[in-house]
Structure formats: structure tokens, C-alpha cells
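Single-letter residue listing:
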Amino acid sequence: LTSGNPRQYHFGHCGIRIFQQYADYLTRNQLIDFTDQINNARSLIEKEPDRYRNQYDHLLVDEFQDIGAGKLGLIKTLTGSTGAKLFAVGDDWQSIYSFQGAAVDHFTRFEEYFGDPVRTDLTTNFRSPPSIVQTGNHLIEYNAKQLEKTVRAKLNVETTPQVHTLRGYRGKFHDYMRRLRRYTVGLVDKYLAAGAEPSDIMI
């Protein structure tokens, strides 16, 4: 940690202190958390591969775009030429967990980790109207590291997406979030006052 930004510096030290107390609490009470479960399972399998690898014919992993190195290691211990067959479900367009260690490369470069897969693309969107789906397709074109596909809408509802540009904050993230909350509440109030039903509004 550097002291260039006092706010980040002290926040970082608080985070380290909290993490140390958390780790001490787990040790004192003989508890484990989810990360421990992943790492302990992997260690057990690596120590006795014949005992565990032969128990499973197939391994299904959902939301594969959001796995990190720990989960990847566990999956690899159970699969392979003598292990379970891997069935991975995911969407690189929906990768949102990099902040907690997820790496979308595990999905977009799947063959480098697990060999050549049989790939099936599900390209029908059942949630959103065509205008939203087409906007999403256009936006994702700017991502050079994607699995290319064209998604089409199942719904036949016409609507026009609107872009709301937020101004009036000083460029700091918490200022932006405060402005975003106020703006969103204002929009909801506006639609309700115009006669919209609460069930018509989704945030």
C-alpha cells in the first residue's frame, strides 16, 4: 500500500486488519469458508485421485464465465482423459465477477485448459425486446475478446431504449452512485405519477 491517496491507504489498512481478524476467527472456531472448501476439496482429490475421480461420470458447471483460479483447479482435478466429462454452461457477455477473482479467459479460451470442446450456442433471448437485444449486440462488438455470436429476441414487443446521461457529480465513484440513486428514484416517481403500475417497473 502506498500513501499517495490517504483515503485508499487507510481503507486498505482497515481491509487487511478485518481480513486478519476474520482468518483468526475461523482458526479459533475451527471453521472454514467457501474458498477453504474449494481448496480443501482440491487437496483431497490430489492426494487420493483414484478414490475421488472415479466417482463421477459427468461434471456440470454453470456460470462458467465467473470461475476463478481456485474453482478452475478443482474442476481440472475431477476431469480430463481419465476423469469426468465436463459440461460447462456460461456466457462471456455476462462476466461480472472479476472483482472477486473470476477470469473470463477460462471460458473464452476454454480449449487451452480442457482441450477442444463441442460448442453449442444458445442465441435466443427470451427476456428483452428486439431493440434492447440489438443494442446489446452492437455494444458487445467493441469487445475484441469475445466468443462471437448473434443473439436474437424471442419477444415481439416494440420499445425504444432511452439513454440517460448523468451530470452534476465531481467524478468520484461515490458521488456518481449518489447521483444515480437520486436520478433513478426521480424516474420511478415520474412514471408512477404518470399512471404506471409498480409491477411495470423493473430496476
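For the structure, check the block above.
What you see is a predicted model; the values in this text were computed from it and never measured.

Quick notes on the rules
Residues numbered from 1 in each chain as written. Predicted model: local features only at pLDDT ≥ 70, side-chain atom pairs only at ≥ 80, totals over all residues. Heavy atoms only, no water. Core = buried A, V, L, I, M, F, W, Y, C linked by side-chain atoms within 4.5 Å. Buried < 20%, exposed > 50% of the residue type's maximum accessible area, 1.4 Å probe, protein only. Contact = heavy atoms within 4.5 Å. Phe/Tyr/Trp six-rings, centres within 6.5 Å; stacked < 30°, edge-to-face > 60°. Patch = residues over 30% accessible without salt bridge, like charges linked within 9 Å, V, L, I, M, F, W, Y side chains within 5 Å. Areas by Shrake-Rupley, 256 points an atom, 1.4 Å probe, with all protein chains shown as cover. Salt bridge = Lys/Arg side-chain N within 4 Å of Asp/Glu carboxyl O. Helix = DSSP H or I, 4+ residues; strand = E, 2+ residues; numbered from the N terminus. Polar contact = N/O pair within 3.5 Å; in protein donor to acceptor, adjacent residues only side chain to side chain. Expected span 1.5 Å × (residues − 1). Pairing = 2+ DSSP bridges. Right-handed = clockwise from strand over helix to strand, strands pointing away.

Caption draft 1: Region of the structure containing the nonpolar core. Val61, Phe64, Ile67, Leu72, Ile75, Phe107, Phe110 and Leu147 together form the largest nonpolar core, which totals eight residues. The contacts of Ile75, once residues within four sequence positions are left out, are Leu59, Val61, Phe64, Ile67, Leu86 and Phe114.

Caption draft 2: Focus on the packing of aromatic side chains. Here the structure, examined in full by the defined rule, presents six aromatic pairs. Linked through ring pairs, Phe64, Phe107, Phe110 and Phe114 together constitute an aromatic cluster.

Caption draft 3: Quick peek at a nonpolar patch on the surface. Together, Leu60, Phe87 and Val89 line one region of the surface with nonpolar side chains, adding up to about 300 Å² of accessible area. Following the sequence through the fold, Leu60 ends up in strand β1 (residues 58-61).

Caption draft 4: Structural detail: the pattern of salt bridges. Tallying each qualifying case throughout the model produces eight salt bridges. With its nearest N and O atoms 3.0 Å apart, the salt bridge here joins Asp92 to Lys149. With a gap of 57 residues between them, Asp92 in the loop between β2 (85-88) and α5 (105-108) and Lys149 in the loop between α7 (130-140) and β4 (152-153) connect regions that are remote in the sequence. Grouping residues by exposure puts Asp92 and Lys149 together as buried. When the shortest N-O distance is used, the salt bridge between Arg109 and Glu112 registers 2.8 Å. Taking relative accessible area as the criterion, Glu112 reaches 52% and is therefore assigned exposed.

Caption draft 5: Layout of the environment of Thr82. Topologically, Thr82 is positioned in the loop between α4 (69-78) and β2. Taking the C-alpha atoms as reference points, Thr82 and Asp66, separated by 16 residues in sequence, lie 25 Å from one another. Here Thr82 is in contact with Arg53 and Asn54, once residues within four sequence places are set aside. Engagement of the side chain of Thr82 in a polar contact is seen with the side chain of Arg53, the distance being 2.9 Å.

Caption draft 6: Molecular detail of helix α8 (residues 173-193). Helix length check: α8 (21 residues) gives 30 Å between terminal C-alpha atoms against 30 Å at 1.5 Å per residue, within 8%. Once α8 ends, the next one or two residues include Gly195, with phi positive near 105°.

Caption draft 7: Structural view of the pairing of β2. With four bridges joining them, β1 and β2 adopt parallel strand pairing. In the sheet register, Leu60 faces β2, and the bridge partner there is Phe87. The β-α-β motif built from β1, the intervening α4 and the parallel element β2 has right-handed crossover chirality.

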